[in-house]
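Coordinate inspection notes
Here are the chains, one letter per residue:
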Amino acid sequence: MIQKKALEDLAIFGGNPTFNQTLHVGRPNIGNRRKLFERMNDILDRRWLTNRGAYVQEFERRVADFLSVKHCVAMCNGTVALEIAVRALNMRGEVIVPSFTFIATAHCLQWQEITPVFCDVDPETHNIDPEKVTGLITPRTSGIIGVHLWSRPCEIESLEKIAKDYNLKLLFDASHAFGCTYNGKPVGGFGGAEVFSFHATKFLNTFEGGAVVTNDDDLAEKIRLMKNFGFSGMDNVIYLGTNGKMNEVSAAMGITSLESLDDFIKANHQNYYTCRTHLTDIPGIKMLSYDEREKNNFQYIIAEIDENKTGINRNDLMKILHAENIRARRYFYPSCHRMEPYKSYFPNVGILLPETEKLSERLLCLPTGTAIGPAEIRQICYVIQFVVKNSAEIAGRITDKMDSDFTKERVAV
Ligand code: T4K
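Just so it is clear, the model here is predicted, and its values are computed rather than measured.

1. So, the sheet that holds strand β12 (residues 301-305)
What the 3 strands build is an open sheet, ordered β11-β12-β14; its pairing is antiparallel. Looking at the sheet topology across the chains shown, the edges are occupied by β11 (285-287) and β14 (363-366). Strand-to-strand twist in this sheet, taken as the mean axis angle between neighbours without regard to direction, amounts to 30°. In terms of strand pairing, β11 meets β12 through 3 bridges, oriented antiparallel. Bridge pairing in β12 links Lys286 to Glu304. Most of the contacts of helix α11 (residues 314-323) go to β14, to which it runs at about 20°, and overall it touches β12 and β14.

2. Thoughts on helix α2 (residues 54-67)
In a regular helix each residue adds 1.5 Å, so 14 residues correspond to 20 Å; α2 covers 20 Å between its end C-alpha atoms and thus fits that length. Taken residue by residue, α2 has Tyr55, Val56, Phe59, Glu60, Val63, Ala64 and Leu67 as its buried positions. In an axial view of α2, the angular spread of the buried residues amounts to 165°, which keeps them on one side of the axis. Summarising the geometry of α2, the exposed residues directed more than 90 degrees from the buried face are Arg61 and Asp65.

3. Thoughts on the domain arrangement of the protein
As assigned here, the protein comprises domain 1 (7-26 + 261-328 + 367-412) and domain 2 (33-259). Here the C-alpha centre of domain 2 lies 31 Å away from the C-alpha centre of domain 1. At the junction of the two partners, domain 1 supplies 18 residues and domain 2 supplies 24 residues. Summed over both sides, the interface between domain 1 and domain 2 buries roughly 1,700 Å², with carbon and sulfur atoms accounting for 53% of that surface. Linking domain 1 with domain 2 are 1 salt bridge. The salt bridge partner of Glu124 is Lys286, with a shortest N-O separation of 3.2 Å. Where domain 1 touches domain 2, the interface holds 14 residue pairs in polar contact (both at pLDDT 80 or more). Of all the elements in the fold, those that place two or more residues in the side of domain 1 that touches domain 2 are α9 (261-279) and β12. It is α9 that provides the largest number of residues to the side of domain 1 that touches domain 2, a total of 4 residues.

4. Here we look at the confidence of the model for the protein
Taken over all residues, the pLDDT of the protein has a mean of 95, while the share at 70 or more is 97%. Confidence drops under pLDDT 50 across residues 406-413; counting only partners more than four residues distant or on other chains, this segment forms 21 contacts.

5. A look at the pattern of salt bridges
Tallying each qualifying case throughout the model produces 22 salt bridges. In this structure, the salt-bridge partner of Lys4 is Glu324, at a minimum N-O distance of 2.8 Å. Pair noted here: Lys4 is in the segment before β1 (23-24) and Glu324 is in the loop between α11 and β13 (326-327), with a separation of 320 residues, a long-range link. We note that Lys4, like Glu324, is buried.

6. Structural notes on the environment of Gln57
Relative to the elements of secondary structure, Gln57 occurs in helix α2. For the pair Gln57 and Met287, spaced 230 residues apart in the sequence, the C-alpha separation amounts to 39 Å. A distance of 3.1 Å separates a polar side-chain atom of Gln57 from the backbone oxygen of Arg52.

7. A look at the site of the ligand
Taken together, the neighbourhood of the ligand is formed by 26 residues, with Arg27, Thr79, Asp173, Ser197 and Tyr331 sitting nearest. Its free accessible area being 920 Å², the ligand has 77% of it covered by the protein chains. Sort the elements by how many residues they give to the shell around the ligand and helix α3 (residues 78-88) lands first, with 3 residues. When its residues are assigned to classes, the shell around the ligand shows 9 nonpolar, 13 polar and 4 charged. If you count residues domain by domain, the shell around the ligand takes at least three from each of domain 1 (7-26 + 261-328 + 367-412) and domain 2 (33-259).

8. Observations regarding the side chain of Asn297
Locating Asn297 in the fold gives a position in the loop between β11 and β12. On the accessibility criterion, Asn297 (0% relative accessible area) is buried. Not counting residues up to four positions away in its chain, the partners in contact with Asn297 are Ser151, His176, Ala177, Phe178, Cys180, Phe203, Ile265 and Asn268.

9. A look at the nonpolar core
Considering soluble globular proteins, one finds that nonpolar side chains tend to be buried as a cluster. Counting residues in hydrophobic clusters, the biggest one holds 53 residues, and the most contacted among them are Trp150, Leu279, Leu321, Leu366, Ile384 and Ile394. Listing elements by their share of this core, those giving two or more residues are α9, β11, β12, α11, β14 and α14 (374-389). Not counting residues within four places of it along the chain, the set of residues in contact with Leu366 comprises Val25, Cys275, Leu279, Ile301, Leu321, Ala328, Ile380 and Ile384. Membership of the second largest hydrophobic core comes to 31 residues, among which are Val73, Leu109, Tyr342 and Val349.

10. Some words on the packing of aromatic side chains
Taken as a whole and assessed by the stated rule, the structure comprises 22 aromatic pairs. Between Trp150 and Tyr300 the ring centres are 5.5 Å apart and the planes differ by 65°, which places this aromatic pair in the edge-to-face class. Taken together, the positions of Trp150 in the loop between β5 (141-147) and α6 (156-165) and Tyr300 in the loop between β11 and β12 put the pair 150 residues apart, joining distant regions of the chain. Here Trp150 and Tyr300 have matching classes, each one buried. Taken together, the ring pairs in this structure connect Phe100, Phe102, Trp150, Tyr300, Tyr331 and Phe332 into an aromatic cluster. Over the ring of Tyr333 we find Arg314; its NZ or CZ atom is 5.2 Å from the centre of that ring. One cation-aromatic arrangement involves Arg397 over Phe13; the distance from NZ or CZ to the ring centre is 4.2 Å.

Parameters and conventions
Residues numbered from 1 in each chain as written. Predicted model: local features only at pLDDT ≥ 70, side-chain atom pairs only at ≥ 80, totals over all residues. Heavy atoms only, no water. Pairing = 2+ DSSP bridges. Helix = DSSP H or I, 4+ residues; strand = E, 2+ residues; numbered from the N terminus. Axes fitted to C-alpha atoms, helices over the stretch in contact; angles between N-to-C directions. Contact = heavy atoms within 4.5 Å. Expected span 1.5 Å × (residues − 1). Buried < 20%, exposed > 50% of the residue type's maximum accessible area, 1.4 Å probe, protein only. Arc of directions from axis to C-beta. Domains from an automatic or database assignment. Buried area = accessible area lost by both parts, 1.4 Å probe. Salt bridge = Lys/Arg side-chain N within 4 Å of Asp/Glu carboxyl O. Polar contact = N/O pair within 3.5 Å; in protein donor to acceptor, adjacent residues only side chain to side chain. pLDDT = per-residue confidence, 0-100. Near = heavy atom within 4 Å. Areas by Shrake-Rupley, 256 points an atom, 1.4 Å probe, with all protein chains shown as cover. Nonpolar A, V, L, I, M, F, W, Y, C, P; charged D, E, K, R; others polar. Core = buried A, V, L, I, M, F, W, Y, C linked by side-chain atoms within 4.5 Å. Phe/Tyr/Trp six-rings, centres within 6.5 Å; stacked < 30°, edge-to-face > 60°. Lys NZ or Arg CZ within 6 Å of the ring centre and 35° of its normal.

In structure tokens form, the structure reads like this:
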């Protein structure tokens, strides 16, 4: 183990990096390879590769059972699943969304010329603040998209009440929240529909993939048509549709991943608690907490950095970690309203989003997942402890030139 005793031991100042291979946020979780290869061979033997084949149907059935929802429509990725859900729910005009989310939550609206109206988040939960939603409703508002950020469900009941009172559609972007519960019920069955991402970096992955889940029979039928060009039967198109289909290999990966779900959660849980134990007493570092009464997948380790107490800001800490081959990420920086096309469309909207602005400057997402274990997590924590302890000397020595170079892998000797 490489221990940092002097400032020069930090890789950013010329020392050896803590890790000789890069630790990433979002290293894919891989289930049982033998079973995956068996399934892939079977797919090739059958020569049925896509278009709702046997594996996609099985994956949809298993996901629906697991989430206790009536319908699961598997898709090629989470973004297309969001676009189709928005369209099938007949959202139009303006839709209220948090800006503190991955850009796809906003893009799925703007892509179909619906205006995302950015709402601020709660500083504790990081999720859309229901108290700020009502003030944004106009005659053009048709819906709300809540995001269960970092796998913690947003305030579903409050949003459901607002949606009912104002006759708005309600959709949840549940990309982070597969396997999580809200008041003991699985995320997936709330609102008009919920959308999951099964991207490679997600807790449960299908290489690329996503799904819309819903208890609404008519909506499910519409979504099935829309994701298959609008085809109803062989030669009959009855809707405007697109190609959102999941392929068979992705579904096979999804089924195999589902079978290892408990192992993935166990690994994430252990990593999260190891990290929390080691970072808890560091002044200015606040770890995201989870409600122990609910099920969670613990797929993100999020630390909030208060520069006034740590003596080092989030960006400089990230540069130091990157030099150590710990590729921590600034999720979600910049937040959506500070990226195009939104920053050109709404240049001053940041005034209404103070908590979003603050969080996007303070949060750091640390590596976790089944690719690493408590030993690596402890080493990451030791670096952070060392940096905060010596922040007064370190902060002044970090320059803009020391920006993270993503093209070079630094190798420990
Ligand atoms: N809504 C929300 C709230 C979301 O978070 C997302 C996706 C969506 C909607 C849209 O769902 P999808 O259309 O993606 O299904 C990543 C993911 O690409 C993205 O799926 C995810 N959210 C977002 C939070 O993170 P990037 O650009 O920040 O990271 P990326 O893909 O470069 O990967 C992160 C790190 O993971 C890399 O540095 C290396 C590592 N990695 C990545 C891949 C793909 C691996 O080790 N192996 C891999 O195969 O967006």
